[in-house]
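Summary of the model geometry
Take a look at the letters that make up each chain.
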Amino acid sequence: MSINIVDRRGSSKGKSSENRQRLLKRVEGQIKKALPDIVKNTNVKDLTSSKERVNIPIKGINEPQFTYDKDTGDKKHVHPGNKEYDEGDMIKKPKDGQGKGSGQGKGSNDPNVTEDDFNVSISREEFLDYFFADLELPDMVKKHLNSIVDFKQKRAGYSNYGNPSRLNITRSYKNSMARRMALGLYFDKKIKDIEKKLKGDLTDDERIILEAELDKLKKMKLGVSFMEEVDLQYNNFDKVAVPITSAVMFCVMDVSGSMGEKEKDIAKRFFMLLYMFLTKQYERIEIVFIRHHTTAKEVTEEEFFNSKESGGTVVISALELMSKIIKERYSKDWNIYAAQASDGDVWDKSDANDCYKILDTDILNSIQYMTYIEICRSVAGDLWNNYKALSDKRKNFEIGRINEVGEIWKVFQDFFKKKTA
Amino acid sequence: MEKEELKKLFSKPDWNDDTIFEADKIVSRIASEYLGIETYPNQFEIITSEQMLDAYSLIGLPISYNHWKFGKDFVINSNQYKKGRMGLAYELVINSNPCISYNMEDNTTCLMVLVLAHAAYGHNTFFKNNYLFKQWTQADSIVDYMVFAKEFIAKCEEKYGYEEVEMTLDACHALMNYGVDKYKKPIKLSTKEEGERLQKKLEDDRILLNDLWRTIPREEKEKLKERRFPDQPEENILYFIEKNSPKLRGWQREIVRIVRKTAQYFYPQGQTKVINEGCATFTHYEIINKMYDDGYLSDGFMQEFYHNHSNVIFQPGFDSKFYSGLNPYTLGFNIFQDLKRMSLNPTHEDLEWFPHIAGKGNWSENFKYIVENFKDETFVLQYLSPKVIRDMRLFEIDDQMENNYYEVSSIHNENGYKKVRESLSQSYNRSRYVPDIQIFDVDVFGDRTLTLEHTPINKRGLDSNEVRKVLPYVEHLWGFPVRIIENGKELATTKK
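Residues numbered from 1 in each chain as written. Chains lettered and ligands numbered in written order. Predicted model: local features only at pLDDT ≥ 70, side-chain atom pairs only at ≥ 80, totals over all residues.

**Describing the overall build of chain A**
For chain A, the count of helices and strands is 12 helices and 13 strands. Residues counted as buried form 26% of the 421 residues belonging to chain A. Taking the intrachain contacts of chain A between residues at least 6 apart in sequence as the baseline, contacts between residues at least 24 apart amount to 83%. (Helix = DSSP H or I, 4+ residues; strand = E, 2+ residues; numbered from the N terminus. Buried ≥ 20, exposed ≤ 12 C-beta atoms within 10 Å, placed from the backbone. Contact = placed C-beta atoms within 7 Å.)

**Some words on the nonpolar core**
With 151 residues, the main nonpolar core has B:Val27, B:Val113, B:Leu116 and B:Leu238 as its most contacted residues. No other element matches the 13 residues that helix α5 (residues 109–129) of chain B contributes to this core. Not counting residues within four places of it along the chain, the set of residues in contact with B:Val113 comprises B:Phe10, B:Ala23 and B:Ile288. A:Val255, A:Ala296, A:Trp334 and A:Tyr372 belong to the second largest nonpolar core, which has 58 residues in total. (Core = buried A, V, L, I, M, F, W, Y, C linked by C-beta atoms within 7 Å.)

**Quick word on the confidence of the model for chain B**
Averaged over all residues, the pLDDT of chain B is 89; the fraction at 70 or higher stands at 94%. Predicted complex metrics record ipTM = 0.85 and pTM = 0.73. (pLDDT = per-residue confidence, 0-100.)

**Observations concerning the interface of chain B and chain A**
Tallying the contact residues gives 83 residues for chain B and 60 residues for chain A. Among the elements that line the side of chain B that touches chain A, the one with the most residues is helix α4 (residues 68–82) of chain B, at 10 residues. Among the residues forming the side of chain B that touches chain A, the class breakdown is 36 nonpolar, 28 polar and 19 charged. One ladder, built from five bridges, connects strand β3 (residues 75–79) of chain A with strand β4 (residues 395–399) of chain B; its direction is antiparallel. (Nonpolar A, V, L, I, M, F, W, Y, C, P; charged D, E, K, R; others polar. Pairing = 2+ DSSP bridges.)

**Side note on the confidence of the model for chain A**
Residue and element names in this part refer to chain A. Of the residues in chain A, 84% reach a pLDDT of 70 or more, and the chain-wide mean stands at 79. Summarising per-element confidence for chain A, the mean pLDDT is lowest in helix α3 (residues 44–48) (58) and highest in β3 (92). Segment residues 97–115: pLDDT under 50, and 33 contacts once partners within four positions in sequence are set aside and those in other chains are kept.

**Quick notes on the pairing of strand β7 (residues 450–454) of chain B**
Residue and element names in this part refer to chain B. The alternating pattern of β7 places Leu450, Leu452 and His454 on a buried face and Thr451 and Glu453 on a face that is not buried. Where strand β6 (residues 437–442) lies against β7, five bridges are found, and the strand directions are antiparallel. Paired with Ile437 across the two strands is His454, which belongs to β7. In this structure, β7 lies alongside strand β8 (residues 482–486), joined through five bridges in parallel fashion. Bridge pairing in β8 places Leu450 opposite Val482.

**Quick notes on the packing of helix α3 (residues 49–57) of chain B against α4(B)**
Residues and elements named next belong to chain B. Viewed as axis vectors pointing N to C, α3 and α4 meet at an angle of 135°, and their least axial separation amounts to 8 Å. Judged on the interaxial angle alone, α4 and α3 are oblique. In terms of crossing hand, the pair formed by α3 and α4 is right-handed. Two secondary-structure elements touch here, α3 through Leu53, Asp54, Tyr56 and Ser57 and α4 through Phe70, Asp73, Phe74, Asn77, Ser78 and Tyr81. Of the residues assigned to the contact of α3 with α4, the class counts are five nonpolar, three polar and two charged. (Axes fitted to C-alpha atoms, helices over the stretch in contact; angles between N-to-C directions. Parallel < 35°, antiparallel > 145°, perpendicular 65-115°, else oblique. Left-handed = near helix turned anticlockwise from the far one by under 90°.)

**Observations regarding the sheet that holds β8(B)**
All names here are of chain B. Spatially, four strands are ordered β6-β7-β8-β9 in an open sheet, and the strand pairing comes out mixed. Taken across any chain shown, the strands that pair with only one partner, and hence form the sheet edges, are β6 and β9 (489–493). Here the strands of the sheet are splayed against their neighbours by 30° on average, with no regard to which way each runs. Taken together, the four bridges between β8 and β9 define a ladder with antiparallel strand orientation.

**Some points on the domain arrangement of chain B**
In terms of domains, chain B is made up of domain 1 (3–130 + 272–305), domain 2 (313–432) and domain 3 (437–493). Measuring from the centre of the C-alpha atoms in domain 2 of chain B to the corresponding centre in domain 3 of chain B gives 37 Å. (Domains from an automatic or database assignment.)

**Details of the environment of A:Ile5**
The topology assignment puts A:Ile5 in strand β1 (residues 4–7). Judged by the 17 C-beta atoms lying within 10 Å of it, A:Ile5 falls in the partly exposed class. Sequence-wise, A:Ile5 and A:Ser176 are 171 residues apart; in three dimensions their C-alpha atoms are separated by 37 Å. Not counting the four nearest positions on each side in its chain, A:Ile5 is found in contact with B:Asp17, B:Ile20, B:Phe21 and B:Phe44.

**Some words on the sheet that holds strand β3 (residues 99–104) of chain B**
The strands that make up a sheet pair up through hydrogen bonds in the backbone, lying either parallel or antiparallel. The strand order β1(A)-β1(B)-β3(B)-β2(B) describes an open sheet built from four strands, whose pairing is mixed. The strands lining the two open edges of the sheet, one partner per strand, are β1 of chain A together with β2 (91–94) of chain B. Averaged over all adjacent pairs, the angle separating strand axes in this sheet is 20°, with direction ignored. With four bridges connecting them, β1(A) and strand β1 (residues 42–47) of chain B associate as parallel partners. Looking at β1(B), one finds that A:Asn4 is bridged to B:Gln43. Strands in contact with α5(B) are β1, β2 and β3 of chain B; relative to β3(B), the strand with the most contacts, it is inclined by about 155°.

Structural data, given as structure tokens:
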């Protein structure tokens, strides 16, 4: 019997992906626990680069078995490669009492080789899924749910007309087969009838007529075409209206001189998270970046995260700019969100008061939700005190404080935790 | 093809289907004419390294049910592989009929011929003819059965939820080593029959009563109390649970059975590493050398072959940093090789130690006989010769628990041969790595506590950490508290 060679290379890739998913599910808790550390230890650039995979250390997901305690019992082992030992030689045991291997060779695929700790490497996508699993923008769909409509293509059965790229081959072929069978049977039956008649007693004339007819029928039967216009079926699509929501997020960052490298790093990380969260979770969201020192400026994403500027601090300038942009561009039909980060410095007391005023009377009335983080400041300043009062008063304003990189994740989660309705 | 043409074909580093086809013609002829071995028909599959990693994680089964444990093995293996810490095997072979071997696409021609002889003939003949495999596994139906298992478990997940099923599987896996029949012959399996049997069983379960739930009049109860349940200790824990657990539902019993059957399928493999690898290595070595002698292979081919062959049988000494125990390929190959040598060119020593083999010249018949009738433990005990002990410089270490030193108890000398041989043979006894734990008793008239008993061998105790982790799994399957005793003393219990 000759050998059967099968080239499997083309088929069944990723047989293990389902099992890998199950493993991920199993260690979900551990992955989530590792997230704060990742926010802390990865630099801002790596956090957003889309190529890299994330390695997450997994501890002790071992499969328990009844096994021997290695330190007990009288054992005899056979080992190879004796050079100097003679019968009766004594060798001191190492201190920790660990004996040598059991003499069983272990292959790399031996199911008994268990490592307590190992890394699972997950793709950026998977990573972000875990990252933002339980977070959402509050009141996302409150405004103008039905005002903006998008269209989506949806399957809607089959049709007899369509363009060739939508031809449904299976269905068309089935139709063709049915037609050919039906017509074939019709002719078969007629042919059979005539053949039967031909076997009986006939005059020559009758025979000639019948034979001619038989010939004709046979030709017609052959003439049944393989595919006819009527067989063709096309996949049909309908346009379905989907209501969509539009949202805009204002990111406001203080880049004044008082914000040191550390403060800026924390702020950037926070916004980076926010940025990833928004772009990942919401397909249609606009983001407006505003940076300010004494004056405020709308900048691009690139500038926002990378450029270096410094000067004094006038917070109100940023809020005024924001208010202006809202009125100009997002006055109607928009869900509006804002996040502000600062070290809490203000120009003077009146600056802080102005901020309170503009937020309370203007901005907070037109937006859904705003967050404020204060970085590395242990003593509550004017801005904090004002904002604190405001946050107690207004439901859609939350503030938080971050002193260490490690706290970012926690604060972020508090801001955007899914609130059950 | 002419010999010269074939020689050219095999000398090219790249191969195609024709190369394998032509090689197989020669290899199969030599295997049957020169070595006299019989095999299952071969299915020779070419796979990528990615697919090899997949195959690894299913421990070589072509298909299996879904479980995170396989995902874990896959992740660990592919981490190792990507970091370059681990090379992948050139082939992986499955005990099935036809015998499926997976072969890496980037093998050179020489490696392909080598693995063809090694796996498709060496392992294949072992699977087909060895008594343990014949008795305990059904090569005809394993793939079929795993298809059934995968479908069944997928259905259960749909019906009862993925977490429930996973919990049951986790519990069964923890007891996998205790799901094996060592003395009874299992019945034949097939998808269709399994389906029918399952139908009937579920129906029976509905109708029948479980004895453990029975309430009986008092006097009768007193009488029964004297009887133990089970009458005799039961070593197949999963079997006992499948048949007697008061709380398991029908589908859970079926899952226990599936894990049990899988464990049974792997049971012979754990006990035949040395002899199986020895058989395969000896087979490829003999076949390739014969091919060379017959003029099919070039010197260049043989250079590459010897390089690979010596990698396979590389045995670092005990004091090397690469040492991780005896290499089963080396030990098995050396024993078979030495048996052939003594059959053709015996020394005085051989005549004294192996009078029925030495100088008789029938080495290939002898090879066949050993392949059919031995496992590691008996193979070493019977055939490890003084010469192999000397060549490998084997020595025995005695590790007494109360001593703070190891004693070198035997070495490769007149005194030591038999002791080394016996000791090494013992190390392949299954009880060396699977503790003896059996079902001891069920408290039928009390709270239905299940008692397991560990019988220590050579004063070896159980790892108490692991015991504490395994017991809750047993309890999950049993449905009532579980405890484990040793020499009449309780080691652990799940009772609150």
